[in-house]
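# Structural description and commentary
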Amino acid sequence: MGIQVEYNPDLALRNIKEFKNGNRKIKECIPENFEIGKIYAFLKKGQRNYWLFGEIPLVETQGNEVLSRPKASIIILEATHFVKDKETYTKGKYKVVEIFQDKKIYFEGFDRIKCKK
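In this text the structure is predicted, and so the values were computed from the model without any measurement.

On inspection of all chains with the given rule, the structure shows seven salt bridges. The partner of R24 in a salt bridge is E28, and the shortest N-O contact between them spans 3.4 Å. For R24, a relative accessible area of 30% puts it in the partly exposed group. Here E28 falls in the buried class, since its relative accessible area comes to 15%. We note a salt bridge from E87 to K45, for which the minimum N-O separation is 3.7 Å. Taken together, the residues E87 in strand β8 (residues 87–99) and K45 in strand β3 (residues 39–45) connect sequence positions 42 residues apart. Given the relative accessible area of 34%, E87 is considered partly exposed. When its relative accessible area of 47% is taken as the criterion, K45 is described as partly exposed. Here the salt bridges do not stand alone but share partners, grouping E55, E98 and R112 into one network.

Quick look at the structure:
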């Protein structure tokens, strides 16, 4: 028996409608009015590893690996694994660095591209 661990190059959260409809917890969703510089909590099912030494994309997931383009650039501040009811979860905190309002490319692989404004 092995240890199942997933490496995520981004933080994929659900649309806030999933919380409002009672399908997900608030920490599993992108906040409705998230702001640059603020810190938010997240929750993901499974044992996940995130890069902690720089910016990564925040994307919206519909499930089954269907992801949006990056909604924001974030920094994961902490990530902790825990077990609840025999299920593994990852919880943590992230800080919003920039919110994207257009379709420009902001990441190339793991490198954050700084776009001229």
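Still to come is the rest of the account.
Turning our eyes to something else, we now look at a nonpolar patch on the surface. Taken together, Y7, W51, L52 and F53 make up a surface patch of nonpolar side chains, about 460 Å² in accessible area. Checked against the element boundaries, W51 lands in the loop between β4 (48–50) and β5 (56–63).

The subject of this paragraph is the packing of aromatic side chains. For the structure shown, the criterion picks out four aromatic pairs. Centroid distance F42 to Y94: 6.4 Å. Interplanar angle 45°. Geometry classified as tilted. In this pair, F42 sits in strand β3 while Y94 sits in strand β8, placing the two residues 52 residues apart along the sequence. For the pair F42 and Y94, a shared accessibility class is recorded, and that class is buried. Plain terms: the ring middles of F82 and Y89 are 5.5 Å apart, the flat faces sit at 20° to each other, and that makes the pair stacked. For F82, a relative accessible area of 27% puts it in the partly exposed group. Geometry around F82 places K91 over its ring, the cationic atom sitting 5.2 Å from the centre.

Rules and cut-offs
Residues numbered from 1 in each chain as written. Predicted model: local features only at pLDDT ≥ 70, side-chain atom pairs only at ≥ 80, totals over all residues. Heavy atoms only, no water. Salt bridge = Lys/Arg side-chain N within 4 Å of Asp/Glu carboxyl O. Buried < 20%, exposed > 50% of the residue type's maximum accessible area, 1.4 Å probe, protein only. Helix = DSSP H or I, 4+ residues; strand = E, 2+ residues; numbered from the N terminus. Patch = residues over 30% accessible without salt bridge, like charges linked within 9 Å, V, L, I, M, F, W, Y side chains within 5 Å. Areas by Shrake-Rupley, 256 points an atom, 1.4 Å probe, with all protein chains shown as cover. Phe/Tyr/Trp six-rings, centres within 6.5 Å; stacked < 30°, edge-to-face > 60°. Lys NZ or Arg CZ within 6 Å of the ring centre and 35° of its normal.

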